[in-house]
Amino acid sequence: NGEYLRLLQINNPFGSFYGYRYKGVYSDRASTVATDGKGQPIVGPNGQIIYMRFNYPQTDYIFQPGDAMYEDINNDGNINYMDVVYLGNSNPKLTGGFGPSITWKNLRITSFFSFRWGYDVINGTKMNTTNMFNFDNQSTAVLSRWKKEGDVTDMPRALIAGGFNWLGSDRYVEDASYIRFRTITARYNFDKKTLAKMKLKTMSVFV
């Protein structure tokens, strides 16, 4: 829980995120049945129903209604390292700044904006305030969590110190592109006539 795979992979940049694809919440028992690539239920050697598992056979946690649902990439009914995929990276495609200026008579107004575009971050705040894993304060977003069979929500059930409801996944990977206002300056330059009376060569005030 709360971790992403650290990996260097050909054709992907440094600072890449690898984890699971989050698919929502198992609404009821029937939705936890494992299915193959054709969407057909997977059955055991004796015809028994196979339910979705996490990290079989080491951990072998059987997903329950209300648990987080992750995409089974290879359709084997087992969520493990083989279902970890590239989710994005923290390198901006474009970084820069700009600052338009306006001059009117002796007044000059300048401003500056900075921006980053086309990069991702892991929202650790969202992860820590919606995991319902310990006794820390949580976001009001957890009020919409799964509580009973049939509930349709993207917020898993509350499980104190148990389950796998906050694995490193695209649930917490977000586009972090921004444009940010940094500064604005208004500067007034006194005219030569006024300066001559004050016996000064230059003087300006700015905010």
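Residues numbered from 1 in each chain as written. Predicted model: local features only at pLDDT ≥ 70, side-chain atom pairs only at ≥ 80, totals over all residues. Heavy atoms only, no water.

## Overview of the overall build of the protein
Quick note on the threshold: Here a helix means four or more residues in a row that DSSP labels H or I, a strand means two or more in a row labelled E, and each is numbered from the N terminus. Buried, partly exposed and exposed residues are distinguished by accessible area as a fraction of the type maximum, computed with a 1.4 Å probe on protein chains only: under 20%, between the cut-offs, and over 50%, respectively. We call two residues contacting when some pair of their heavy atoms lies within 4.5 Å. Calculation of accessible area relied on Shrake-Rupley with a 1.4 Å probe; when residues are assessed, cover is drawn exclusively from the protein chains displayed.
Of regular secondary structure, the protein possesses 2 helices and 14 strands. The dimensions of the protein, computed from C-alpha atoms along their principal axes, are 105 × 40 × 25 Å. Out of the 207 residues in the protein, the part that is buried amounts to 30%. Here the contacts in the protein between residues at least 6 apart in sequence split such that 65% fall between residues at least 24 apart. For the protein, the computed accessible surface area is about 13,300 Å², with 57% contributed by carbon and sulfur atoms.

## Examining the sheet that holds strand β6 (residues 78-79)
Our working definition: Strand pairing follows a simple DSSP-based rule, namely that at least 2 bridges must link the two strands.
Strand order in the open sheet made by the 3 strands is β4-β3-β6, with mixed pairing throughout. The strands lining the two open edges of the sheet, one partner per strand, are β4 (61-62) and β6. Two elements, strand β3 (residues 53-54) and β6, share 2 bridges in a ladder whose sense is parallel. Looking at β6, one finds that Arg53 is bridged to Asn78.

## Considerations on the side chain of Asp72
Defined as follows: Counting rule applied: Lys, Arg positive; Asp, Glu negative; His and chain ends not counted. For this analysis, a salt bridge means a side-chain nitrogen from Lys or Arg found within 4 Å of a carboxyl oxygen belonging to Asp or Glu. N or O atoms closer than or at 3.5 Å make up a polar contact, with two conditions inside protein: a donor-capable atom paired with an acceptor-capable one, and, for residues adjacent in sequence, both atoms drawn from side chains.
Within the secondary structure layout, Asp72 lies in the loop between β5 (68-70) and β6. As a buried residue without a salt bridge, Asp72 has its nearest oppositely charged side chain in Arg21, at a separation of 11 Å. Side-chain polar atoms of Asp72 contact the backbone nitrogen of Gly77, separated by 2.7 Å. Apart from the residues lying within four places of it in its own chain, the contact partners of Asp72 are Thr35, Met52, Gly77, Asn78, Ile79 and Asp83.

## Focus: the side chain of Asp67
Relative to the helices and strands, Asp67 resides in the loop between β4 and β5. Since its relative accessible area comes to 0%, Asp67 is described here as buried. Only 2.7 Å separates the side chain of Asp67 from the side chain of Tyr61, close enough to count as a polar contact. Sequence-distant contacts of Asp67, that is, excluding residues within four places in its chain, are made with Gly24, Val25, Tyr26, Tyr61, Ile62, Pro156, Arg157, Leu159 and Asn165.

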